[in-house]
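# Observations on the three-dimensional arrangement
Single-letter residue listing:
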Amino acid sequence: MSYVAPAIKEKFETLSVDLKNVILERDVQLYTIHDLINVLDEIVKEADAED
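Being a predicted model, the structure only gives us computed values, none of them experimental.

Here is what the cut-offs are and how they apply
- Residues numbered from 1 in each chain as written.
- Predicted model: local features only at pLDDT ≥ 70, side-chain atom pairs only at ≥ 80, totals over all residues.
- Heavy atoms only, no water.
- Helix = DSSP H or I, 4+ residues; strand = E, 2+ residues; numbered from the N terminus.
- Rg over C-alpha atoms; globule rule 2.2 N^0.38 Å.
- Buried < 20%, exposed > 50% of the residue type's maximum accessible area, 1.4 Å probe, protein only.
- Contact = heavy atoms within 4.5 Å.
- Lys, Arg positive; Asp, Glu negative; His and termini not counted.
- Charge placed at Lys NZ, Arg CZ, Asp CG, Glu CD.
- Phe/Tyr/Trp six-rings, centres within 6.5 Å; stacked < 30°, edge-to-face > 60°.

To continue, consider the overall build of the protein. What the protein contains, in helices and strands, is 3 helices and 2 strands. Its helices and strands in sequence order give the protein the pattern β-α-α-β-α, from N to C terminus. Computed over the C-alpha atoms, the radius of gyration of the protein is 11 Å, within 12% of the 10 Å expected from 2.2 N^0.38 for a compact globule of 51 residues. The dimensions of the protein, computed from C-alpha atoms along their principal axes, are 35 × 20 × 20 Å. Classification of the 51 residues of the protein by burial places 25% in the buried group. Within the protein, counting contacts between residues at least 6 apart in sequence, those at least 24 apart form 40% of the total. The positive charge centre, built from 5 side chains, and the negative charge centre, built from 12, are 6 Å apart in the protein.

The subject of this paragraph is the packing of aromatic side chains. Overall, the coordinates contain 1 aromatic pair when judged by the stated rule. Centroid distance Tyr-3 to Tyr-31: 5.2 Å. Interplanar angle 45°. Geometry classified as tilted. With Tyr-3 in strand β1 (residues 3-4) and Tyr-31 in the loop between β2 (29-30) and α3 (33-50), this pair connects stretches of sequence that are 28 residues apart. The exposure class of Tyr-31 is partly exposed, given its relative accessible area of 48%.

In structure tokens, the structure reads:
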């Protein structure tokens, strides 16, 4: 089950609903902004690999 720490919840909530859903489906633990950036980077790399 994914977790988003209160410290970054405000930043997380600025993302689109679709992107938040993709992140939460990954069962990640997001404690810092760096954790969030790393997950977003993974998503971008996967999307680039599909193209």
